[in-house]
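Given next are the chains, with one letter for each unit.
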Amino acid sequence: MSDRTARRLAWSAFALWVVFLVASVTFELAKGGQGAAGPGSDVGFLLLVSPFAVVAVLILARHPRHPIGWILMAIGLTFTEPTAAYGEFALSRGLPGGLVSVAITAPLWALPVGLMGTVLLLRFPDGRLLSPRWRKVERLAIFAISMTVLTILVAPTDMGDVGYPQLRNPLGIEALGPVTDVLLGVILLIPVAVVASAASLVVRFRRSTQTERLQLKWLVTAGSIVAVVYLVAMPASLGSDWFGPNTPTSVKVLQNLATFSFALIPTSIGFAILKHRLYDIDVVINKALVYGALAAFITSVYVGVVVGLGSLIGTGGEPNLALSITATALIALAFQPVRERVHHLANRLVYGKRATPYEVLSEFAGRVGGSYALDDVLPRMARAIAQGTGAERAEVLLGAGGDLHPAAVWPEEAAQGAPDVVVPVIHRGQELGALAVRKPKGERLSPAEEGLVRDLAGQAGLVLRNVRLLEDLRASRQRLVAAQDEERRRIERNIHDGAQQQLVALAVNLRLARSLAEKDPRKAAEILERLQDDSQQALEDLRDLARGIYPPLLADKGLRAALEAQSRKSPVPVEVHPNGVGRYPAEAEAAVYFCVLEALQNAAKYAEATKVEVRLEPADDELRFEVTDDGRGFDPATTTPGTGLQNMRDRVEALGGSLSISSSLGEGTTLTGSIPTGRAA
């Protein structure tokens, strides 16, 4: 059967239900005060069971072949079929067919009650049985329901069960009289099937995924409320008829509550199947437990004080103002401690060992605002995520070089595996890391849990930024120490290989010249002349070495003169465009100078450039510089930056500036930087 045909059939069944409802209400109102029951209770019951058909057609309109929808529709049609209403109306007016109609509908109660307690539980929420072996339970239930209906239908007994004890069943078969009592024993199989179906629901709940578990919670909650109300109403109704004229008012209230509670079953099923992603049943259960327990506490204290003490001191059942005031005072004093204990107990029952989402958020906010070390915040964050979601593994990931690496894992011994959800942590438009969660096998994150992870990710941005800044600070310190050590080694190497060797040669030649001064004055004069040139070269090398440490020209004349002097020594033609640059703090000028010097050396060694341009752009509060070459370029995405570029970036960022590099294959390279001169000063 196609979806279109099934949908048409569903709307036809709903139209039939509407006809049934209108006919039943009409007959109930027409019979007036006559009949087995008054019209008010019967009409109220018809309206009360209306949600079965309404929810059924809503489900079938979206899922035309959903078995749960058709089960609900069958229950709705059975509850509202007009045969019983017509039978009572006909009997009250002396019309034909009344007794037969009542007899036909007498056993039909077993159909909706049996379907709700067995088939519906076995197939909820997806319409399929948990496994083929549960088909035996379903068949047992259908057999028990069918046999119960047929046996009551043909039993040769009076009609007392439906309010007419003076009338005999017109459909009864006298020959079956001796065996009907035995056959009615099959009715005991219905409770057995109900218990087995409930067990099926428990097994399904334990095996369910998170979404299916939410759906099951809706039905279990509604069924538990109905069961509790009926467990209270049934003992209270012993010795009196259900809605009978002589039933006490307090018992009628309980009976009405029990009857009205039936509407929770189809309502909860509708929420579970149609709206399970929009509502958090855990919150509903939590609130219901809290308010129910508080109501029971208030009632028990008030009744215990007013009625119990009243009977002990002999008030004679009359209202006692002093006892009422005493009960109210006791309730007021104990209300807050009891509410806190009940709320804690409800959280443990609903969330288990997990904290509620609100508790996780508030606790995390307190930890962030507390005096925890940054190294301790990330493990605590991972622990909060795991506790709030019941995750098997929770990770806090930090971004580094375009990749994410775990910075904290909870539990620490949790096995690695693909996470169920990864939520990025973004702060000021920059992705700093992510939160990853993996649930136990067979479970998935509920909407509320996923929302909790996203809320934590929103709060974690500042924390991850601080952690990244701390890591960058540590790394930059290590690089600065390494750069200083490397610079010292470079200076030592240059002195050893350059000026030191030259000075040693000068000392050797001086001794040689002195030994030849008397023996060969001419030869000694030639050596002394060479020594003069060598000493001048050694002096120039020492001056170059000193300029490499800090050029005197930079301190005396500023950036323009120092860069122009350096450009003349470059093996690649360099054009300097100072653009009216003036003097700036020494640390700012030194940073720009050495960055440009490093860029010129890279262009000469690696870029194969034929031309380099250096531009300086003075501003009110910062100094910008740019070095552009026409070399072969490179791809920044695939090329790892060298220590030279990292040293430049550390030098500039240490003064609060920024440095960027852009390049592409065959189109040269451009280095751009800026330093806030006011901050540097």
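For the structure itself, consult the block above.
Residues numbered from 1 in each chain as written. Predicted model: local features only at pLDDT ≥ 70, side-chain atom pairs only at ≥ 80, totals over all residues. Heavy atoms only, no water.

**Q** Whenever I open this one, the nonpolar core confuses me. Can you help?
**A** Note on soluble globular proteins: their nonpolar side chains tend to be buried together. The biggest cluster of nonpolar side chains holds 40 residues, and the ones touching the most others in it are Leu-72, Met-73, Ile-265 and Ile-269. For this core, the elements supplying multiple residues, two or more each, are helix H1 (3-30), helix H2 (39-48), helix H3 (50-62), helix H4 (67-80), helix H7 (110-123), helix H11 (210-236) and helix H13 (264-274). Apart from residues lying up to four places away in sequence, Met-73 is in contact with Ala-10, Ala-13, Phe-14, Ala-53, Ala-56, Val-57 and Leu-60. (Core = buried A, V, L, I, M, F, W, Y, C linked by side-chain atoms within 4.5 Å. Buried < 20%, exposed > 50% of the residue type's maximum accessible area, 1.4 Å probe, protein only. Helix = DSSP H or I, 4+ residues; strand = E, 2+ residues; numbered from the N terminus. Contact = heavy atoms within 4.5 Å.)

**Q** Any chance you could explain a negative patch on the surface here in plain terms?
**A** Together, Asp-520, Glu-526, Glu-529, Asp-533 and Asp-534 line one region of the surface with negative charge. Along the polypeptide, Asp-534 turns up in helix H19 (residues 521-549). (Patch = residues over 30% accessible without salt bridge, like charges linked within 9 Å, V, L, I, M, F, W, Y side chains within 5 Å. Areas by Shrake-Rupley, 256 points an atom, 1.4 Å probe, with all protein chains shown as cover. Salt bridge = Lys/Arg side-chain N within 4 Å of Asp/Glu carboxyl O. Lys, Arg positive; Asp, Glu negative; His and termini not counted. Charge placed at Lys NZ, Arg CZ, Asp CG, Glu CD.)

**Q** Explain the packing of helix H21 (residues 559-569) against helix H22 (residues 586-605) here, please?
**A** How two helices pack is summed up by the angle between their axes together with the distance between the axes. Packing of H21 against H22 leaves a shortest axis separation of 11 Å and a crossing angle of 15 degrees. Here H22 runs roughly parallel to H21, going by the angle between their axes. Between H21 and H22 lies a crossing of right-handed hand. Residues Leu-559, Ala-562, Leu-563 and Gln-566 of H21 form the contact with H22, whose participating residues are Glu-589, Val-592, Tyr-593, Val-596 and Leu-597. (Axes fitted to C-alpha atoms, helices over the stretch in contact; angles between N-to-C directions. Parallel < 35°, antiparallel > 145°, perpendicular 65-115°, else oblique. Left-handed = near helix turned anticlockwise from the far one by under 90°.)

**Q** Any chance you could explain the sheet that holds strand S7 (residues 574-577) here in plain terms?
**A** Pairing is mixed in the open sheet, where five strands are placed in the order S7-S8-S9-S11-S10. In this open sheet, the two strands that pair with only one neighbour each are S7 and strand S10 (658-663). Strand after strand, the sheet turns through a mean of 10 degrees between neighbouring axes, direction not considered. Sheet analysis places S10 next to strand S11 (residues 669-675), joined by six bridges and oriented antiparallel. Bridge pairing links Ser-660 to Thr-672 in S11. With respect to the sheet, H21 is in contact with S7, strand S8 (612-618) and strand S9 (623-629), its orientation differing from that of S7 by roughly 170 degrees. (Pairing = 2+ DSSP bridges.)

**Q** Explain the pattern of salt bridges here, please?
**A** Where side chains of opposite charge bring their charged atoms close, a pairing between them can arise. As enumerated under the stated definition, the model contains twelve salt bridges in all. Glu-138 is paired through a salt bridge with Arg-123; the nearest N and O atoms lie 2.7 Å apart. With Glu-138 in helix H8 (residues 135-154) and Arg-123 in helix H7, the pair connects residues that are 15 residues apart, well separated along the chain. Overall, the relative accessible area of 8% leaves Glu-138 in the buried class. By relative accessible area, Arg-123 is classed as buried at 17%. Here Glu-392 and Arg-438 are joined by a salt bridge, their closest N and O atoms 3.2 Å apart. Of the two residues, Glu-392 sits in the loop between helix H17 (374-389) and strand S3 (393-400) while Arg-438 sits in strand S6 (residues 430-438), which places them 46 residues apart along the sequence.

**Q** Just to check I follow, could you spell out the packing of aromatic side chains for this structure?
**A** The description of two aromatic rings rests on the distance between their centres and on the angle between their planes. For the structure shown, the criterion picks out six aromatic pairs. Pairing Trp-11 with Phe-14 gives two aromatic rings, centres 6.0 Å apart and planes at 90 degrees, and the pair type is edge-to-face. Placement of both Trp-11 and Phe-14 in helix H1 is noted, with a separation of three residues, approximately one turn of the helix. Through a chain of ring-to-ring contacts, three or more aromatic side chains come together here, namely Trp-11, Phe-14 and Trp-17. (Phe/Tyr/Trp six-rings, centres within 6.5 Å; stacked < 30°, edge-to-face > 60°.)

**Q** Would you mind showing me how to read H4 here?
**A** For an α-helix the count is 3.6 residues per turn, leaving residues at separations of three or four pointing the same way. The first and last C-alpha atoms of H4 sit 20 Å apart over 14 residues, in line with the 20 Å expected at 1.5 Å per residue. Most of H4 sits inside the fold, with eleven of its 14 residues counted as buried. Every buried residue of H4 is listed here: Ile-68, Gly-69, Ile-71, Leu-72, Met-73, Ile-75, Gly-76, Leu-77, Thr-78, Phe-79 and Thr-80. (Expected span 1.5 Å × (residues − 1).)

**Q** Explain the environment of Asp-158 to me, please; I cannot follow it from the model alone.
**A** One can find Asp-158 in strand S1 (residues 158-159). Between the C-alpha atoms of Asp-158 and Pro-170, which are twelve residues apart in sequence, the distance is 9.2 Å. Those residues within four positions of Asp-158 in sequence are excluded, and the remaining contacts are Pro-165, Leu-167 and Arg-168.

**Q** Any chance you could explain the pairing of S11 here in plain terms?
**A** Where a strand is regular, its side chains alternate between the two sheet faces. The element S11 is largely enclosed, with a buried count of six among its seven residues. When S9 meets S11, the two strands line up antiparallel, connected through seven bridges. Paired with Leu-623 across the bridge in S11 is Ile-675. Taking the residues between adjacent antiparallel strands as the criterion, S10 and S11 are bridged by five residues, where Gly-666 takes a positive phi near 80 degrees.

**Q** Looking at this structure, I do not really get the side chain of Glu-395. What am I missing?
**A** Turning to its location among the elements, Glu-395 is positioned in strand S3. Its relative accessible area of 10% is what places Glu-395 among the buried residues. A polar contact is formed between the side chain of Glu-395 and the side chain of Arg-393, at a distance of 3.2 Å. With residues near it in sequence (within four places) discarded, Glu-395 still touches Pro-406, Ala-408, Val-409, Ala-434, Leu-435 and Ala-436. (Polar contact = N/O pair within 3.5 Å; in protein donor to acceptor, adjacent residues only side chain to side chain.)

**Q** I keep staring at a nonpolar patch on the surface and nothing clicks. Help me out?
**A** A contiguous nonpolar patch, built from Leu-140, Phe-143 and Val-192 and spanning about 250 Å² of accessible area, is present on the exposed surface. Take Phe-143: its relative accessible area is 44%, and that puts it in the partly exposed class.

**Q** In this structure, what is going on with unusual backbone geometry? I would like to understand it.
**A** Note on backbone geometry: most residues besides glycine have negative phi, and most peptide bonds are trans. The peptide bond linking Phe-124 to Pro-125 adopts the cis configuration, its omega dihedral lying at 5 degrees. Within the fold, Pro-125 resides in the loop between H7 and H8. Even without being a glycine, Asn-579 presents a positive backbone phi close to 55 degrees. With a phi close to 55 degrees, Glu-608 is a non-glycine residue in the positive phi region. Relative to the helices and strands, Glu-608 resides in the loop between H22 and S8.

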